[in-house]
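# Commentary on secondary and tertiary structure
Spelled out, the chains give:
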Amino acid sequence: ADVEIKIGVNNIPREVSIDAEVGTEQVEQQLRQALAENGVLRLSDAKGRTVIVPAAQVAYLDLGQEHARPVGFGAV
């Protein structure tokens, strides 16, 4: 399941948004680990886009609801 994640970065007026291929719990765990190691938060999406943010500069994470990818040609 994908989840839309919005990342607020200190001193950057616009948030960063990515549809990550991991669950919200895993994203939270990655941020905790990056903060403990004074490292970076690295998230990737299905299209190969990667976002890397210094963990100490993360102001907030907006973890949207997990959603399954639609399959087939039906209308949503």
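Everything discussed here concerns the structure shown above.
So, here's what we can say about the structure. (Residues numbered from 1 in each chain as written. Predicted model: local features only at pLDDT ≥ 70, side-chain atom pairs only at ≥ 80, totals over all residues. Heavy atoms only, no water.)

Here the structure, examined in full by the defined rule, presents 1 salt bridge. Between Arg 32 and Glu 28 there is a salt bridge; the shortest N-O distance is 2.7 Å. Highlighted residues: Arg 32 and Glu 28, both in helix H1 (residues 24-36), separated by 4 residues, approximately one helical turn. Note on Glu 28: relative accessible area 37%, which makes it partly exposed. (Salt bridge = Lys/Arg side-chain N within 4 Å of Asp/Glu carboxyl O. Helix = DSSP H or I, 4+ residues; strand = E, 2+ residues; numbered from the N terminus. Buried < 20%, exposed > 50% of the residue type's maximum accessible area, 1.4 Å probe, protein only.)

In this model H1 runs 18 Å from its N-terminal to its C-terminal C-alpha over 13 residues, within 8% of the 18 Å that 1.5 Å per residue would give. In the stretch just after H1, Asn 38 is the one whose phi turns positive, near 55°. (Expected span 1.5 Å × (residues − 1).)

Our focus in this paragraph is the pairing of strand E2 (residues 16-20). Sheet analysis places strand E1 (residues 2-9) next to E2, joined by 5 bridges and oriented antiparallel. The residue of E2 that forms the bridge with Val 3 is Ala 20. Taking the residues between adjacent antiparallel strands as the criterion, E1 and E2 are bridged by 6 residues, where Asn 11 takes a positive phi near 65°. (Pairing = 2+ DSSP bridges.)

A grouping of Glu 4, Glu 15, Asp 19 and Asp 62 is seen on the molecular surface, where their side chains present a negatively charged patch. Along the polypeptide, Asp 19 turns up in strand E2. With relative accessibility at 39%, the residue Asp 19 sits in the partly exposed group. (Patch = residues over 30% accessible without salt bridge, like charges linked within 9 Å, V, L, I, M, F, W, Y side chains within 5 Å. Areas by Shrake-Rupley, 256 points an atom, 1.4 Å probe, with all protein chains shown as cover. Lys, Arg positive; Asp, Glu negative; His and termini not counted. Charge placed at Lys NZ, Arg CZ, Asp CG, Glu CD.)

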